[in-house]
Amino acid sequence: DYDLSAPRLNLLFHGSVSRFAGPALNQMLVNYEGLRIRSGELDSLWFDVTVRDDTATGKLKLLYHDLAIETLDKVSGDRSLGDVFRTFVFNHFKLRSENPSGDDAPRVIALWHLRLPEDGFFRTFWHTLRAGIFQTLGIAASRGSSPG
C-alpha cells in the first residue's frame with residue numbers, strides 16, 4: 001500500500017518467504033553488504049512494516065539454523081586478513097547460528113528506520129529489513145537503522 005500523493009514516504013508493506021538455502025542470498029549480500037553465507041538454511045521470514053512521514057516501524061521474524069558467514073570486500077570479492085579475523089569473530093562470538101536457539105522462543109525484532117532524503121523506495125525497503133535481519137543474527141547494522 002503506497003500513498004503516492006503524500007509529500008513524504010507513506011506506505012505499508014508486509015510479506016513472507018518460505019524455506020530455502022542461505023547461500024542463495026549471496027549475490028545480493030556480497031554486493032550490498034560484503035557478507036557471504038557459507039552454510040545455513042532459512043526456515044521462514046515474516047515482516048510487517050508501516051512507513052509514515054519517512055519513518056519505518058514494524059516487526060520482523062527470521063527463523064533459520066546452521067548459519068555460518070564470511071566477510072569480504074564487496075567490490076573486489078577478495079578477503080583480506082581483516083576479513084578472515086572478522087569472519088572468525090562473527091562466527092564464534094557474535095553470530096547467532098540459529099533462531100530459535102535451544103528451548104528459547106524465536107526472536108521477533110522491532111523495526112525502526114528513518115529514511116534519508118536521498119533514499120528511494122527500494123533502499124528504504126532493504127535498509128528497514130536489513131536492520132531486523134542483522135539484529136536477529138547478532139550483527140550490527142549501519143546508519144539510520146535504530147533509534148539508538
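For the structure, check the block above.
Every value quoted in this text rests on a predicted model; they were computed, and no experiment measured them. Throughout this description, residue numbers start from 1 for each chain and increase along the sequence as written. Only residues with pLDDT of at least 70 are given local features in this predicted model, and only at 80 or more are side-chain atom pairs given and counted; all residues enter the totals for whole chains, interfaces and linings. Heavy atoms throughout the structure, all of them, feed into the side-chain values; hydrogens and water do not.

Draft legend 1. Representation of the overall build of the protein chain. In terms of regular secondary structure, the protein chain is built from three helices and five strands. Helix numbers and strand numbers start at the N terminus; a helix is a DSSP run of H or I with at least 4 residues, a strand a run of E with at least 2. Listing every helix and strand of the protein chain by position from the N terminus yields β-β-α-β-β-α-β-α. When we talk radius of gyration, it's over C-alpha atoms, and the globule rule is simply 2.2 Å times the number of residues to the 0.38. Its C-alpha radius of gyration of 16 Å places the protein chain within 12% of the 15 Å reference for a compact globule of 148 residues. For the protein chain, the residues scored as buried account for 38% of the 148 residues in total. At a minimum sequence separation of 6, the contacts of the protein chain that also span at least 24 residues come to 63%. Using a 1.4 Å probe, the Shrake-Rupley method yields the accessible areas, and only the shown protein chains count as cover for residues. When the accessible area of the protein chain is evaluated, it comes to approximately 8600 Å², of which 56% is carbon and sulfur surface. Throughout, exposure labels follow a simple rule: accessible area from a 1.4 Å probe, protein chains only, divided by the maximum for the residue type, with under 20% read as buried, over 50% as exposed, and the rest as partly exposed. A contact between two residues is defined here by any heavy atoms of the two lying within 4.5 Å.

Draft legend 2. Spatial organisation of unusual backbone geometry. Here the amide bond leading from N99 into P100 is cis, since omega sits at 5 degrees, within 30 degrees of zero. Residue D53 is not a glycine yet carries a positive backbone phi of 50 degrees. Residue class for D53 comes out partly exposed when judged on its relative accessible area of 43%. The phi angle at D54 is positive, at roughly 75 degrees, despite the residue not being glycine. Along the chain, D54 falls in the loop between β3 (35-52) and β4 (55-71). Owing to a relative accessible area of 8%, D54 belongs among the buried residues under this scheme.

Draft legend 3. Highlighting the pairing of strand β5 (residues 108-114). Residues I109, L111 and H113 of β5 are buried on one face, while the alternating residues V108, A110, W112 and L114, pointing to the opposite face, are not. Whether two strands pair comes down to DSSP finding at least two bridges between them. Pairing geometry for β4 and β5, over seven bridges, is antiparallel. Each bridged residue has a counterpart across the sheet, and for A56 the counterpart in β5 is H113.

Draft legend 4. Representation of the packing of helix α1 (residues 26-33) against helix α3 (residues 121-137) within the structure. Axes here mean lines fitted to C-alpha atoms, for a helix over just the part in contact, with angles spanning 0 to 180 degrees between N-to-C directions. Between α1 and α3, whose axes approach to 14 Å, the crossing angle comes to 100 degrees. When the axis of α1 is compared with that of α3, the two are roughly perpendicular. Residue-level contacts link M28, L29, Y32 and E33 of α1 to W126, R130 and F134 of α3. For this classification, Asp, Glu, Lys and Arg are treated as charged, while Ala, Val, Leu, Ile, Met, Phe, Trp, Tyr, Cys and Pro are nonpolar and the rest, including Gly, are polar. Partitioned by chemical class, the residues of the contact of α1 with α3 number five nonpolar, no polar and two charged. Orientation labels follow simple angle bins: below 35 degrees gives roughly parallel, above 145 gives roughly antiparallel, 65 to 115 gives roughly perpendicular, and whatever is left gives oblique.

Draft legend 5. Summary view of the pattern of salt bridges. Should a side-chain nitrogen of Lys or Arg be within 4 Å of a carboxyl oxygen of Asp or Glu, the pair is scored as a salt bridge. Overall, the coordinates contain ten salt bridges when judged by the stated rule. Ionic pairing is found between R115 and D54, a salt bridge with its closest N-O pair at 3.0 Å. Here R115, found in the loop between β5 and α3, pairs with D54, found in the loop between β3 and β4; they are 61 residues apart in sequence, far enough to count as distant. R86 is the salt-bridge partner of D83, the closest N and O atoms lying 2.7 Å from each other. One end of the pair is D83 and the other is R86, both in helix α2 (residues 81-94) and three residues apart, which spans about a single turn. Residue D83 is classed as buried on the basis of its relative accessible area of 7%. The network of salt bridges with common partners includes R36, R38, E70 and R79.

Draft legend 6. Representation of the packing of aromatic side chains. Pairing of aromatic side chains requires ring centres within 6.5 Å, counting the rings of Phe and Tyr and the six-membered ring of Trp. Pairs whose planes differ by under 30 degrees are stacked, by over 60 edge-to-face, and all others tilted. As enumerated under the stated definition, the model contains six aromatic pairs in all. Centre to centre, the rings of F88 and F93 are 6.0 Å apart; their planes meet at 70 degrees, and the pair counts as edge-to-face. A relative accessible area of 63% places F93 in the exposed class. Through a chain of ring-to-ring contacts, three or more aromatic side chains come together here, namely F13, F47, F121, F122 and F125.

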